[in-house]
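If you want the building blocks of each chain, they are given just below.
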Amino acid sequence: MGGAAVALDYDAELMLRVKDGDGASFAVLLEKHRSSVIHFVYRMVRNQAIAEELAQEVFLRVYRSRSSYEPTAKFTTWLFRIATHLALNSLRDGKNQRYEERLDDQVEDLPVRQVADHRPSVEQSMVFEARLDEVRRAVASLPDKQRAAVLMHKYEELEYSQIARVLNCSESAVKSLLFRAYETLRARLAYMA
Amino acid sequence: MNCPLETRENAALLVAHAARELGPDIAVRLDRHIAGCPACSEFMRRQQAVWDALDVWQPEPISPDFNRRLYARIEELEGQASWWQRLTGPRGPMPVRRAMPIAATAVVLLAAGLLMDRSRVPAAGPEQAQIEMLQPEQVEHALDDMETIRQFDRVMRSDSPDSKM
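Keep in mind that what you see is a predicted model, and the values were worked out from it rather than measured. (Residues numbered from 1 in each chain as written. Chains lettered and ligands numbered in written order. Predicted model: local features only at pLDDT ≥ 70, side-chain atom pairs only at ≥ 80, totals over all residues.)

Draft legend 1. Inspection of the overall build of chain A at higher detail. In terms of helices and strands, chain A carries 9 helices and 0 strands. When the elements of chain A are put in sequence order from the N terminus, they spell out α-α-α-α-α-α-α-α-α. Within chain A, the proportion of its 193 residues that are buried is 36%. Relative to all contacts within chain A whose residues are 6 or more apart in sequence, the contacts with residues 24 or more apart total 66%. (Helix = DSSP H or I, 4+ residues; strand = E, 2+ residues; numbered from the N terminus. Buried ≥ 20, exposed ≤ 12 C-beta atoms within 10 Å, placed from the backbone. Contact = placed C-beta atoms within 7 Å.)

This is the structure we're talking about:
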């Protein structure tokens with residue numbers, strides 16, 4: 001993850017420019033991190049509309065905090081700390097319960113995804129959707145903090161030290177969280193091999 | 001090399017190995033151990049299966065108007081803050097910024113003065129209360145009386161020797 005360190009410096013530099021009133025640098029940061037923040041929050045709250053609302057709040061907070069920004073940590077650590085905080089609060093408040101996309105509806109409602117370049121057969125699509133549904137259920141079954149750790153580790157490729165700072169715990173606690181989370185996932189998903 | 005599965009701390013190495021996070025030296029040593037250890041081999045197979053399964057969950061597409069909505073909120077935020085920030089912020093006009101402490105002091109003094117003045121005014125007595133309760137006819141009578149006195153005063157002046165001079 002050496003590239004991430006270089007990216008960090010650049011992100012922090014951009015944020016410092018935002019602090020100096022450079023709106024274009026904010027646009028660059030938004031473009032660079034928008035997808036990862038939305039996708040992370042989506043996998044946390046499992047509702048795309050709420051995920052986008054929360055992601056807007058994340059970037060709004062970044063913008064509002066520009067004047068007090070100090071690059072004491074990696075920009076992405078700070079960003080995901082805000083995102084995780086908002087997602088966990090939303091889950092805790094149960095704001096998304098009413099709107100949570102029902103996992104049962106997913107298989108029927110979502111458009112058929114392609115598993116390869118060629119058009120999949122009905123059977124392939126059904127198998128794929130069943131696998132996807134099982135993965136979503138397995139991740140959803142994890143406790144909030146374990147889920148956040150897995151999502152940051154697997155999909156966002158954050159370092160253990162970053163995840164630790166985001167979740168406000170030690171690196172060894174993060175390793176333990178991840179180990180327990182993957183243990184649960186192995187029990188549910190390993191048959192897919 | 002001891003079997004990593006003997007302790008949870010070391011077992012986390014296998015998780016990191018499946019995520020391809022380890023340096024080449026330790027990865028080679030682990031691979032060598034895994035090849036001869038059925039328990040670790042099974043662990044890695046299952047962990048790899050989880051890793052691959054998670055790849056299935058691809059994110060949903062993002063709304064095309066996400067940026068537009070965000071910038072609208074930022075603009076709204078800027079609009080709310082601007083009038084006060086423009087006046088008092090570091091980029092505000094210099095005379096206004098300099099005048100702010102003076103204005104604040106003046107407001108405090110004015111408020112204190114009003115409070116002290118209020119405490120000196122006696123409470124409304126029964127006489128004032130009666131005046132407030134006068135009927136319109138009484139006021140009319142009083143005005144008539146005043147007019148009569150004024151006319152009497154004028155007559156008296158015109159009759160006085162000074163006025164004839």
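Next comes the rest of the write-up.
Draft legend 2. Structural context of the nonpolar core. Residues and elements named next belong to chain A. Grouped together as the largest cluster of nonpolar side chains are 60 residues, with contacts concentrated most on Val-41, Leu-54, Val-58, Ala-83, Ala-149, Met-152 and Ile-163. Counting residues per element, this core draws most heavily on helix α2 (residues 23–45), at 9 residues. Two domains each provide a minimum of three residues to this core, namely domain 1 (2–101 + 141–192) and domain 2 (102–140). Beyond its immediate stretch of four places on either side in the chain, Val-41 contacts Ala-51, Leu-54, Ala-55, Ala-83 and Ala-87. (Core = buried A, V, L, I, M, F, W, Y, C linked by C-beta atoms within 7 Å. Domains from an automatic or database assignment.)

Draft legend 3. Region of the structure containing helix α6 (residues 122–140) of chain A. Residue and element names in this part refer to chain A. The first and last C-alpha atoms of α6 sit 27 Å apart over 19 residues, in line with the 27 Å expected at 1.5 Å per residue. Taken together, the buried positions of α6 are Val-135, Ala-138 and Val-139. Across the axial projection of α6, the buried residues extend over an arc of 95°, all falling on one side. Exposed and facing more than 90 degrees away from the buried side of α6 are Val-122, Glu-123 and Ala-130. (Expected span 1.5 Å × (residues − 1). Arc of directions from axis to C-beta.)

Draft legend 4. Representation of helix α3 (residues 38–55) of chain B. With 18 residues, α3 of chain B should cover 26 Å at 1.5 Å per step; its first-to-last C-alpha distance of 26 Å lies within 8% of that length. Considered for burial, the residues of α3 of chain B that qualify are Cys-40, Phe-43, Arg-46, Gln-47, Val-50 and Ala-53 of chain B. The buried residues of α3 of chain B occupy an angular sector of 150° when the element is viewed end-on, so they sit on one face. Along α3 of chain B, the residues that are exposed and aim more than 90 degrees away from the buried face are Pro-38 and Asp-55 of chain B. Looking at the packing, one finds that the buried side of α3 of chain B touches α6 and α9 (171–189) of chain A together with α1 (8–18) and α2 (24–36) of chain B.

Draft legend 5. Structural context of the interface of chain A and chain B. Contacts between chain A and chain B engage 29 residues on the former and 24 residues on the latter. Looking at the side of chain A that touches chain B, the elements that each hand over two or more residues are α2, α3 (48–64), α6 and α9 of chain A. Ranked by residues supplied to the side of chain A that touches chain B, first place goes to α9 of chain A with 8 residues. Tallied by class, the residues present in the side of chain A that touches chain B amount to 16 nonpolar, 5 polar and 8 charged. (Nonpolar A, V, L, I, M, F, W, Y, C, P; charged D, E, K, R; others polar.)

Draft legend 6. Main features of the packing of α2 of chain A against helix α4 (residues 75–93) of chain A. Residue and element names in this part refer to chain A. At a minimum axis separation of 10 Å, α2 and α4 run at an interaxial angle of 25°. As far as their axial angle goes, α4 and α2 are roughly parallel. You can see that α2 and α4 cross each other, and the crossing is right-handed. Here His-33, Val-37, Phe-40, Val-41, Met-44 and Val-45 of α2 come into contact with α4, specifically with Leu-79, Phe-80, Ala-83, Ala-87, Ser-90 and Leu-91. Among the residues forming the contact of α2 with α4, the class breakdown is 10 nonpolar, 2 polar and no charged. (Axes fitted to C-alpha atoms, helices over the stretch in contact; angles between N-to-C directions. Parallel < 35°, antiparallel > 145°, perpendicular 65-115°, else oblique. Left-handed = near helix turned anticlockwise from the far one by under 90°.)

Draft legend 7. Main features of the packing of α1 of chain B against α3 of chain B. Residues and elements named next belong to chain B. Close contact between α1 and α3 brings their axes to 9 Å; oriented N to C, the two are set at 45°. In terms of orientation, α1 and α3 fall into the oblique class. Taken as a pair, α1 and α3 cross one another with a handedness that is right-handed. Along its contact with α1, which presents Leu-14, Val-15 and Ala-18, the element α3 presents Cys-40, Phe-43, Met-44, Gln-47, Gln-48 and Trp-51.

Draft legend 8. Expanded view of the environment of Arg-64 of chain A. Mapping Arg-64 of chain A onto the fold places it in helix α3. Between the C-alpha atoms of Arg-64 of chain A and Lys-19 of chain A, which are 45 residues apart in sequence, the distance is 9.8 Å.

Draft legend 9. Representation of the confidence of the model for chain B. Residue and element names in this part refer to chain B. On average, chain B scores 77 in pLDDT, and the residues at 70 or more come to 70%. Within chain B, helix α8 (residues 161–164) has the poorest average pLDDT of any element, 46, and α3 the best, 93. Overall fold confidence (pTM) sits at 0.69, and the ipTM for the predicted complex is 0.81. (pLDDT = per-residue confidence, 0-100.)

Draft legend 10. Up close: the confidence of the model for chain A. All names here are of chain A. Looking at chain A, pLDDT values average 86 and 83% of them are 70 or higher. Within the model, pLDDT remains below 50 along residues 1–7, and this stretch shows 2 contacts once partners closer than five positions in the same chain are excluded. Here residues 105–112 scores under 50 on pLDDT; set against residues more than four positions off or in separate chains, the count is 5 contacts.

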